[in-house]
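# Fold and contact review
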Amino acid sequence: MARHVVSVSLGSRHRDSVAEVELLGEKVVLERRGTDGDFQEAICLIRQLDGKVDAIGLGGIDLYLVAGKRRYVIQDARRLKEAAKKTPVVDGSGLKHTLERRAVYELSSLFDWKKTKVLLPSAVDRFGMAEALDRVGAKVLYGDFIFALGLPIPLYRLSFLQKLAHLLLPLLTRLPFGLLYPTGERQEKQLVDWRSRYYRWADLVAGDWHYLKRHMPEDMRGKDVLTNTITKEDVAFLRARGVRYLITTAPRLGGRGFGTNVMEALLVALAGRELGEGDYLRYIDLLGLKPQVLDLERALQEEEA
């Protein structure tokens, strides 16, 4: 009997999908169910699934924001997690701090990091990636103030961002999550405004897809994107803007890249228990999980030929 993983997302229902994969001799059904930003519906759905599926992922919301060694719990996400009494609930943070960190090092053959300018709209959402980019010497613009708070304050030093995060995150994690991150239909809307100019500065934009897409300008010629949760429509969106390479941190399944919360729930389902960092690294090696690079320029040329 196949194991069953469901991502309960605060995002749009339009992105719902189902895929069946076979890994390590086990069949696993991966499912994504959006609630269009309806928080109470997400709680009810988690309660319905509790004890009936092998693992639940939280989509469209983080359970934790991270700065250095400290983790800050988002109170709205805590309520979602606590709605399940039997089934493990994960948000993808375990893979963000292992798989995505490792991806930066593995992409050293593609990028000369010391000469690469990177826009990371939210470092506290992907602190493992932020630390790895800092260590390889990339010039990084940390856009947490710009994209989450709407303040024109670009930060270029991870250590400074970390100090500010320690001051602000205890307060920000108590706010309604929708104030910090687009949920429901807002994920589908583009808002090309003053924030879009920071994309022009960058060679590579990296991180959460909904943050990246929301303010992405029409002209992205020659630039690269490092993200996940990509659908066929998203690939067409990037190709139309002239993006060169699309790199996803996990394999695409059933024609799309699932979020880190789904992939983490998949590993928890395979293991039959919640996992630690060493466990995630072991499964990453067992499954051979590596960044997937799609040359959008070449793919377009092949289609036109």
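Residues numbered from 1 in each chain as written. Predicted model: local features only at pLDDT ≥ 70, side-chain atom pairs only at ≥ 80, totals over all residues. Heavy atoms only, no water.

### Here we look at the sheet that holds strand β1 (residues 3-9)
The cut-off we apply is this: Strand pairing requires that DSSP identify at least two bridges connecting the strands. Helix and strand labels come from DSSP, where a helix needs a run of H or I of at least four residues and a strand needs a run of E of at least two; each type is numbered from the N terminus. Pairs of residues are marked as contacts when any of their non-hydrogen atoms sit within 4.5 Å. For helices, the fitted axis covers only the stretch in contact; all axes are lines through C-alpha atoms, and the angles between them, taken along N-to-C directions, range from 0 to 180 degrees.
Pairing in this open sheet of 5 strands is mixed, and the strands run β2-β3-β1-β4-β7 from one edge to the other. Single-partner strands in this sheet number two, and they are β2 (17-23) and β7 (89-90). Sheet strands in contact with helix α1 (residues 39-49) are β1, β3 (26-34) and β4 (55-59), and its direction is about 170 degrees off that of β1.

### Focus on the nonpolar core
Condition: Definition of nonpolar core: a set of buried residues of the types Ala, Val, Leu, Ile, Met, Phe, Trp, Tyr and Cys, connected through side-chain atoms within 4.5 Å. Burial status follows relative accessibility: with a 1.4 Å probe on protein chains alone, a residue under 20% of its type maximum counts as buried, one over 50% as exposed, and anything between as partly exposed.
Residues W113 and Y142 are the most contacted members of the largest nonpolar core, which totals 56 residues. Once residues within four sequence positions are removed from consideration, Y142 is found in contact with L120, A123, A130, D134, P154, L155, Y156, R157, L158 and L161. A55, Y280, Y283 and I284 belong to the second largest nonpolar core, which has 24 residues in total.

### Some points on helix α7 (residues 158-172)
Rule in force here: The quantity called bend is, for any residue, the angle between two axes fitted respectively to the seven residues ending at it and the seven beginning at it.
Of all the bends found along α7, the most pronounced is centred on H166 and spans about 40 degrees, while P170, a proline, follows it within four residues. Inspection of α7 places L158, L161, L164, A165, L169 and L172 among the buried residues, and these make up the whole buried set. For α7, the secondary structure elements touched by its buried residues are β5 (64-67), β6 (70-73), α5 (127-135), β9 (139-142) and α6 (144-149).

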